[in-house]
Amino acid sequence: GLPVGAPVLVFIGRLIKTKGTDRLLDVFAALRARQPAHLLIIGSGPEQGAMEERTTREKIEGVHFLGAMPAWAESAPYLFAADVMLMPGYLGLAVNHAFAFGVPVMCDGTAQSNIGMSYSLQSRNAVTAMVVNQMESQSYHGAFVLQGCDKTPTAIISALALLDITRQRRNEAP
């Protein structure tokens, strides 16, 4: 039930301060001031009440609290609907969900050298894009990919998962 044409952002994670829940609403409120948009919040936690109160108090429209969804099958439709995942605090495994569904991830850099994964998302997204571009531009039947540093394993897995999702959508054989 989301209107067509408005960007859809998604956040997946426990609603705790170290995940950047205040910054999440700051960024979304700034975006909403410029254009219609929707923020899907998948998760629960101690900050949820304060976040809900803030969206009401500051009249931040378009925020949808969907609750915790521990199974991929539950969150999949929301990830397919998302244009971008916004992760303003420390990163966890939620970024892997985004990569698996081909959703770009935006973080503000504070996640570097903090709790959670410690890598540059931009460089990993670049590696993912390079693998996808190479595979889509050629007629490959398979891929053998070598890892070069700590950023590439998940990027390559993400790219191959994205290619497989695309293959399935096209009804192509594996």
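Computed from a prediction, not measured in an experiment: that's the story for all the values here. (Residues numbered from 1 in each chain as written. Predicted model: local features only at pLDDT ≥ 70, side-chain atom pairs only at ≥ 80, totals over all residues. Heavy atoms only, no water.)

Caption draft 1: Summary view of helix α2 (residues 48–57). Buried within α2 we find Gln48, Met51, Arg54 and Thr55. The buried residues of α2 occupy one face: seen down the axis, they fall within an arc of 125°. Residues of α2 that are exposed and point over 90 degrees away from its buried face: Glu53, Thr56 and Arg57. Buried positions along α2 lie against α1 (21–34), β2 (38–42) and β3 (63–67). Of the residues flanking the end of α2, it is lysine 59, one or two places downstream, whose phi is positive at about 55°. (Buried < 20%, exposed > 50% of the residue type's maximum accessible area, 1.4 Å probe, protein only. Helix = DSSP H or I, 4+ residues; strand = E, 2+ residues; numbered from the N terminus. Arc of directions from axis to C-beta. Contact = heavy atoms within 4.5 Å.)

Caption draft 2: Up close: the nonpolar core. Core analysis: the largest hydrophobic core is formed by 34 residues, its most contacted members being Val10, Leu39, Ile41, Met85 and Met87. Looking at this core, the elements with two or more residues in it are β1 (8–12), α1, β2, α3 (72–81), β4 (84–87) and α4 (94–100). (Core = buried A, V, L, I, M, F, W, Y, C linked by side-chain atoms within 4.5 Å.)

Caption draft 3: Structural context of the confidence of the model for the protein chain. Residues of the protein chain with pLDDT of at least 70 account for 70%, and the chain-wide mean is 77. Taken together, the stretch residues 109–119 has pLDDT below 50 and engages in 28 contacts with residues farther than four places along the chain or on a different chain. (pLDDT = per-residue confidence, 0-100.)

Caption draft 4: Examining the environment of phenylalanine 28 more closely. By the secondary structure assignment, phenylalanine 28 is in helix α1. Among the residues examined, phenylalanine 28 registers a relative accessible area of 0% and is labelled buried. Each C-alpha atom of the pair phenylalanine 28 and leucine 9 lies 8.5 Å from the other, and the pair is 19 residues apart in sequence. Setting aside chain neighbours within four positions, we find phenylalanine 28 in contact with Leu9, Ala37, His38, Leu39, Ile60, Glu61, Gly62 and Val63.

Caption draft 5: How the structure looks around the pattern of salt bridges. Enumeration over the complete set of coordinates arrives at 6 salt bridges. For glutamate 61, the salt bridge goes to arginine 32, with nearest N and O atoms at 3.6 Å. With glutamate 61 in the loop between α2 and β3 and arginine 32 in helix α1, this pair connects stretches of sequence that are 29 residues apart. Given a relative accessible area of 52%, glutamate 61 falls into the exposed group. A salt bridge links arginine 54 to glutamate 58; the shortest N-O distance between them is 3.2 Å. A single salt-bridge network, built from bridges that share partners, covers Asp26, Arg54, Arg57 and Glu58. (Salt bridge = Lys/Arg side-chain N within 4 Å of Asp/Glu carboxyl O.)

Caption draft 6: Region of the structure containing the side chain of serine 75. Inspection of the secondary structure puts serine 75 in helix α3. If sequence neighbours within four positions are ignored, serine 75 has contacts with Ile42 and Met69.

Caption draft 7: Main features of unusual backbone geometry. One non-glycine residue with positive phi stands out, namely lysine 59, at about 55°. With respect to the helices, strands and loops of the structure, lysine 59 is situated in the loop between α2 and β3. Judged by relative accessible area, lysine 59 falls into the exposed class, the value being 69%.

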